[in-house]
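Breakdown of the fold
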There are 2 protein chains.
Amino acid sequence: MAVTLKDVAALAGVSVKTVSNVVNGYAFVKPENRRRVEEALAATGYRPNVGARNLRRGRTGFLALMVPELNIPYFGELAGLVLTAAQKRGWSVLIEQTQGTRDRERTTLASLGPHLVDGALVHPEALEASDFRGVAGGIPMVMLGEHAIDVPIDRVAIDNVKAARTAVTHLAGLGRRRIAAIGRNPARGTSELRMAGYRSALAAAGLSYVEELVAPAEKYHRAHGAAAMKALLALPAPPDAVFCFNDLLAIGALRSVAELGLRVPEDVAIVGFDNNEESAFSVPALSTVAPDKTALAETAIDLVCRRITGETAAPPQHVLTPFALEVRESTRGR
Amino acid sequence: MAVTLKDVAALAGVSVKTVSNVVNGYAFVKPENRRRVEEALAATGYRPNVGARNLRRGRTGFLALMVPELNIPYFGELAGLVLTAAQKRGWSVLIEQTQGTRDRERTTLASLGPHLVDGALVHPEALEASDFRGVAGGIPMVMLGEHAIDVPIDRVAIDNVKAARTAVTHLAGLGRRRIAAIGRNPARGTSELRMAGYRSALAAAGLSYVEELVAPAEKYHRAHGAAAMKALLALPAPPDAVFCFNDLLAIGALRSVAELGLRVPEDVAIVGFDNNEESAFSVPALSTVAPDKTALAETAIDLVCRRITGETAAPPQHVLTPFALEVRESTRGR
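Residues numbered from 1 in each chain as written. Chains lettered and ligands numbered in written order. Predicted model: local features only at pLDDT ≥ 70, side-chain atom pairs only at ≥ 80, totals over all residues. Heavy atoms only, no water.

**Some thoughts on the overall build of chain A**
Each helix and strand in chain A was counted, giving twelve helices and twelve strands. Over its C-alpha atoms chain A spans a radius of gyration of 22 Å, differing by no more than 12% from the 20 Å that the globule rule assigns to 334 residues. Counting only C-alpha atoms, chain A reaches 70 × 45 × 35 Å along its principal axes. Across the 334 residues of chain A, 60% fall into the buried class. Taking the intrachain contacts of chain A between residues at least 6 apart in sequence as the baseline, contacts between residues at least 24 apart amount to 69%. Surface accessibility of chain A: about 12900 Å² in total, with carbon and sulfur atoms responsible for 55%. Of the side-chain charges in chain A, 38 are positive and 35 negative, and the distance between the mean point of each set is 5 Å. (Helix = DSSP H or I, 4+ residues; strand = E, 2+ residues; numbered from the N terminus. Rg over C-alpha atoms; globule rule 2.2 N^0.38 Å. Buried < 20%, exposed > 50% of the residue type's maximum accessible area, 1.4 Å probe, protein only. Contact = heavy atoms within 4.5 Å. Areas by Shrake-Rupley, 256 points an atom, 1.4 Å probe, with all protein chains shown as cover. Lys, Arg positive; Asp, Glu negative; His and termini not counted. Charge placed at Lys NZ, Arg CZ, Asp CG, Glu CD.)

**Considerations on the domain arrangement of chain A**
Residues and elements named next belong to chain A. Domains assigned within chain A are domain 1 (1-46), domain 2 (60-158 + 293-321) and domain 3 (160-291). Each of domain 2 and domain 3 was reduced to a C-alpha centroid, and the two centroids are 29 Å apart. At the junction of the two partners, domain 2 supplies twelve residues and domain 3 supplies 20 residues. Approximately 1300 Å² of surface area, both sides summed, lies buried where domain 2 meets domain 3, with 51% of it carried by carbon and sulfur atoms. Interface area lost by domain 2 to domain 3 is led by Glu146, Ile158 and Lys293, which between them contribute 40%. Linking domain 2 with domain 3 are two salt bridges. If you look at where domain 2 meets domain 3, you find eight residue pairs in polar contact (both at pLDDT 80 or more). With three residues, helix α5 (residues 73-88) is the single largest residue contributor to the side of domain 2 that touches domain 3. Its residues placed into classes, the side of domain 2 that touches domain 3 shows six nonpolar, one polar and five charged. (Domains from an automatic or database assignment. Buried area = accessible area lost by both parts, 1.4 Å probe. Salt bridge = Lys/Arg side-chain N within 4 Å of Asp/Glu carboxyl O. Polar contact = N/O pair within 3.5 Å; in protein donor to acceptor, adjacent residues only side chain to side chain. Nonpolar A, V, L, I, M, F, W, Y, C, P; charged D, E, K, R; others polar.)

**What to know about the side chain of A:Thr107**
Looking at the element boundaries, A:Thr107 is found in helix α6 (residues 102-111). A distance of 2.8 Å separates the side chain of A:Thr107 from the backbone oxygen of A:Asp103, its partner in a polar contact.

**Details of the interface of chain B and chain A**
Contact with chain B, which involves 41 residues of that partner, is made by 41 residues of chain A. When the two sides are added together, the surface that chain B and chain A hide from each other amounts to roughly 3800 Å², 54% of it contributed by carbon and sulfur. The largest contributions to the chain B side of the interface with chain A come from B:Arg255, B:Phe281 and B:Val283, which together make up 18% of the buried area. Taken together, the connections running from chain B to chain A amount to four salt bridges.

**Describing the environment of A:Thr309**
Residues and elements named next belong to chain A. For threonine 309, the location among the structural elements is in helix α11 (residues 293-309). The partly exposed category is assigned to threonine 309, whose relative accessible area is 28%. Through-space distance from the C-alpha of threonine 309 to that of aspartate 118 is 9.7 Å; in sequence the pair is 191 residues apart. Polar contacts involving the side chain of threonine 309 include one to the main-chain carbonyl oxygen of arginine 306, which spans 3.4 Å.

**What about the packing of helix α5 (residues 73-88) of chain B against helix α11 (residues 293-309) of chain B?**
All names here are of chain B. Between α5 and α11, the least distance of the axes is 9 Å, while the angle of their chain directions is 45 degrees. When the axis of α5 is compared with that of α11, the two are oblique. Seen from above, α5 lies across α11 with right-handed handedness. Residues Tyr74, Glu77, Leu78, Leu81, Val82, Ala85, Ala86 and Lys88 of α5 touch α11, and the partners they reach there are Lys293, Thr294, Leu296, Ala297, Glu298 and Ile301. (Axes fitted to C-alpha atoms, helices over the stretch in contact; angles between N-to-C directions. Parallel < 35°, antiparallel > 145°, perpendicular 65-115°, else oblique. Left-handed = near helix turned anticlockwise from the far one by under 90°.)

**Structural notes on the relation of the copies chain B and chain A**
Between the two copies of the chain lies a rotation about an axis combined with a shift along it. Least-squares fitting of chain B to chain A yields an RMSD of 0.1 Å, with the transformation described by 0.0 Å of translation along the axis and a rotation of 180 degrees. Taken together, the turn and the small shift mark the pair as related by a two-fold rotation axis. Residue B:Leu94 of chain B places its C-alpha closer to the rotation axis than any other residue of that unit, at 2.2 Å. Of the interface residues in chain B, 100% have counterparts in chain A that sit at the interface too, so the contact is made through matching surfaces. (Least-squares fit on C-alpha atoms with pLDDT ≥ 70 in both.)

Here it is as structure tokens:
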């Protein structure tokens, strides 16, 4: 039996009109009522009759989400949150995978348009600003993440420089002197931002930047972290701490340290980035930069919906969502 | 620049007609040529001009994929493979999350139909056979996984009873006598199948079935595995081996064993199920039942496409795809 607006209103204890205002993305709803309606929408799995509504408004009812790979936990988790946020507002989501290559990202961008979707959330890794020219037929687009290109669209991201600085300052605060980094990759937008945070934290702690302690990573998968860690531990003067540019690299690094019979954090302290769910359960549990992924997904969906409904026509915004450093056993010990 | 059929043909070293046959899902293409075309399609990211093609054929160009949660790595990995397989054939994929509840699964099923998608891949956890009656407006549907309900649609799964039996036989073969199970949950279709495999392997090894060694799990997340393992280790006669019904439960179990200062596999050997990528990197690396997820995704997309194009009108099939037991440190030691 299809759930109706009336069912949602009854469960939330508000009027049908209030539910309708939330579902249609109108701004003037009391925060408390909005929260109750959103909870009731999630509990009932209510879906607006988008077919009829879209026909009326000349919309497709679809949003697109472009990500590198769904089997990377960060993107699997983020995609799940984007789907949940979109569904609450009555949109269905098409997901496109690009493997993070510029060619695939361009092809995806070129395939988007008002015939297909009403708006798009894109997480590029290799696109250049010129790739955005004339594509997507003017549908609203929001960029996820701090890919460092200058295009006039909305963006939602955490402050990568500050986040990296926070992680490395934590390691320095533990008294570590040879702090390595794993994940340098000039082709990835966030890599240079995290490098900047790393260097700035070293400088603030009075530590010098040592080129050999910066390990590149072609991809940000576990195997690449494992290989990079082995190379660092083979140095004449190996590091006593490592900042990894994502949790997968850090999980691979943990594994290599264990294989060599060394201890985390006694011999090497390790910090990751992303706070994947697996990181709370690794042995030892991983300290990591934890972006507020729910805020990221909700903010991005909110922005794209306001553009679609015409509720805002303000110049493109760059919204920073919160992060926190999650300190666990890989730096603090047990 | 959009990639054309000609570009793909040149890269694959075949005729444009051959590429067209593969893209349109026709059967009569030499396997070697099909393979070369598929590789070239993947490398170039070619997308058929589905707009024009679908208009001609009265199709939407979309498939739906219904899964419980994308942030469960098994579904993140599977969804990624389904998207890749669908894209090769020119379909875009809408993903719907249900959290595995019957209500949400029913709502999703009811929202599907020819106005929205040309076909659907569904992975239900709680649906009953009656929920399928009269839904989805007759679009082709393929069920993923061995959810034990009797509905007349195509299915693709691994043999769960046999897979569970293989895992438990491996533990018995190591000389373990008190083999526990984590994950019993009568509301989940595959749970009873894995229980059957567990019991049959115990019987074959001359071990008796001990009720207290079977730990339930409300959800199959890491935290539930960790809690179940703690309960088992608190028994007067704790287990010397555990078969977990998925890798997340097993990762949680590994963590609890480490927290209690015990060793895997010396004190407790552990086997998981799914072969999530993280399982090769846990400390110790996890032995697990490895379904061939690529075969599962490819077979399911192939089946649904043949139904959509009318290439087959055969009675519904139940296709079993392969699995293997991946033996790693959590049973073999280092």
